[in-house]
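What follows is each chain in one-letter form.
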Amino acid sequence: MASRASRYARYLPEQKLEVSLFPFLSIFLSVMGVLSFINILSSIHSPQKIEMATELEQGYKVAFQMFSLPDGIIIVPPVKRLKDLQQVVTDADVRDEIATIIVQREQFIANVKAYKGNLDDFAVAPDVDHIADLLKEIRFINEEALKHNFLYEEFILFGIYPNGGKAYHKVRDVMALSEDAASISIGLEPLDANWTLNINGTPTLDAGQQGAQ
Amino acid sequence: MKQFINVDSLTDIVSNSVGILIILAVVSLIHDNSKAYQLEIPIEHQSELSPVFIIAKDDSLIVLDTDKIFTNAAMQATDGAAGGKRIFPLDYGQLFGQIDDDHGIMFHAQDIEGSEDWHHFSTLEKNNSGLQQQLNKIDPKKQFAYFFVYDEVGESNISGSGFESFRKTREYLKMRYIKSGWKPVDSDNPASICDVSFSPLCKYLPSYLGSS
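Residues numbered from 1 in each chain as written. Chains lettered and ligands numbered in written order. Predicted model: local features only at pLDDT ≥ 70, side-chain atom pairs only at ≥ 80, totals over all residues. Heavy atoms only, no water.

1. Digging into the packing of helix 5 (residues 128-147) of chain A against helix 6 (residues 165-177) of chain A
Residues and elements named next belong to chain A.
- Two elements in contact, helix 5 and helix 6, have axes whose closest approach is 10 Å; the angle formed by their N-to-C orientations is 60°. The pairing of helix 5 with helix 6 is recorded here as oblique in orientation. Of the two elements, helix 5 crosses helix 6, and the hand of that crossing is right-handed. Contacts between helix 5 and helix 6 involve Val128, Ile131, Ala132 and Leu135 from the former and Val171, Val174 and Met175 from the latter.
- Per-class residue counts for the contact of helix 5 with helix 6 are seven nonpolar, no polar and no charged. (Axes fitted to C-alpha atoms, helices over the stretch in contact; angles between N-to-C directions. Helix = DSSP H or I, 4+ residues; strand = E, 2+ residues; numbered from the N terminus. Parallel < 35°, antiparallel > 145°, perpendicular 65-115°, else oblique. Left-handed = near helix turned anticlockwise from the far one by under 90°. Contact = heavy atoms within 4.5 Å. Nonpolar A, V, L, I, M, F, W, Y, C, P; charged D, E, K, R; others polar.)

Here it is, written out as structure tokens:
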């Protein structure tokens, strides 16, 4: 009998909460529309920001990157595999010289990483003596790698930003007259203004190297 | 007659959909801003291939007909118009020429609009377009494409005026096994053709990956 009563109770007219469909659909469609609009706007007006890696290799060839900007060049030297070369070098003097180069390169990268401002501030007008020293350094490393039968060769990879051609031409002018540059391979790629360098991906100055310094 | 509906399921759907959309929007924004890109690293190689010169500017390209250009330049030089580093019209693609001891013949591309010799890079997608026909003439066994790419940029742009057209054309040529090389140019360092005996800078080399 109880079940019959409860069945009866189920069909009793109850006070249902009833609401119009219109305001909910209106809110729903408005939010969808606004979000789609924002999505379309962001895809049109903020083109993809691309981060580039700092250590680049192609087989045994390792990129010594030079980013050419309107205000000058930013140098991003490779370090990772240079440490491997240092390990196989038998001559103590050469090993010390490579250690010094590694420390200098890591120090430079550490400075760039520590800098909180715009990376473009690190762009310096290409200086003839500085470029000549870099070319000498790359040649020295490549020759030592060859001497020790170690598969490692640094080449210069230019990343050309818009309006960065002038700095590039200055560097190439120095290279054209340098004997050290004759054996160094070169690559170059055009870069868009919103392609940034992911400097945080680079190795930092480790305690062992600092001690050696 | 008004139609009524139970509120629970509807609010459920609305809140779920809105939540998912917000999450998607946030995730896509974060994802887009941190895309890592590995630079392509083509390296310049010495080559027996001969260059076919192309200028890329303002999203357009011109394939230089060197025979025609040198003939026109020689005529101007004979007439004395090319003396004293004077800039003279080349009667080709609205280009102007200038002869210099260090750079050989230099090409100044100023107002290229309306010239039939310049092709917008988007015409590469059209079958048998003028640009395609000219590029298809390059013999990959004997020649490679060498681009002079304008790196100057407009105010609202993020790319050099010739970068996009160069990238697209290089991709097209790569599919046809044609090698390519390039260098940036601007109004102060214009495109130039000279012999390596003039200057070590007069080298036009193809760039490609070691494995290519």
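2. Notes on the nonpolar core
- Counting 39 residues, the largest nonpolar core has Met66, Ile156, Phe158 and Met175 of chain A together with Leu135, Phe147 and Leu173 of chain B as its most contacted members.
- Not counting residues within four places of it along the chain, the set of residues in contact with phenylalanine 158 of chain A comprises Met66, Tyr168, Val171, Arg172, Met175, Ile186, Gly187, Leu188 and Glu189 of chain A.
- Counting residues in hydrophobic clusters, the runner-up holds 26 residues, among them Phe107, Ala109, Phe144 and Val185 of chain B. (Core = buried A, V, L, I, M, F, W, Y, C linked by side-chain atoms within 4.5 Å. Buried < 20%, exposed > 50% of the residue type's maximum accessible area, 1.4 Å probe, protein only.)

3. Points about the pattern of salt bridges
Residues and elements named next belong to chain A.
- One pass over the structure, following the stated rule, counts 14 salt bridges over all chains.
- The partner of lysine 61 in a salt bridge is glutamate 153, and the shortest N-O contact between them spans 3.3 Å. You can see lysine 61 sitting in strand 4 (residues 61-69) and its partner glutamate 153 sitting in strand 6 (residues 153-160), a full 92 residues away along the chain. For the pair shown, lysine 61 and glutamate 153 are each scored as buried.
- In this structure, glutamate 144 and lysine 147 form a salt bridge, with 3.1 Å as the shortest nitrogen-oxygen distance. One end of the pair is glutamate 144 and the other is lysine 147, both in helix 5 and three residues apart, which spans about a single turn. (Salt bridge = Lys/Arg side-chain N within 4 Å of Asp/Glu carboxyl O.)

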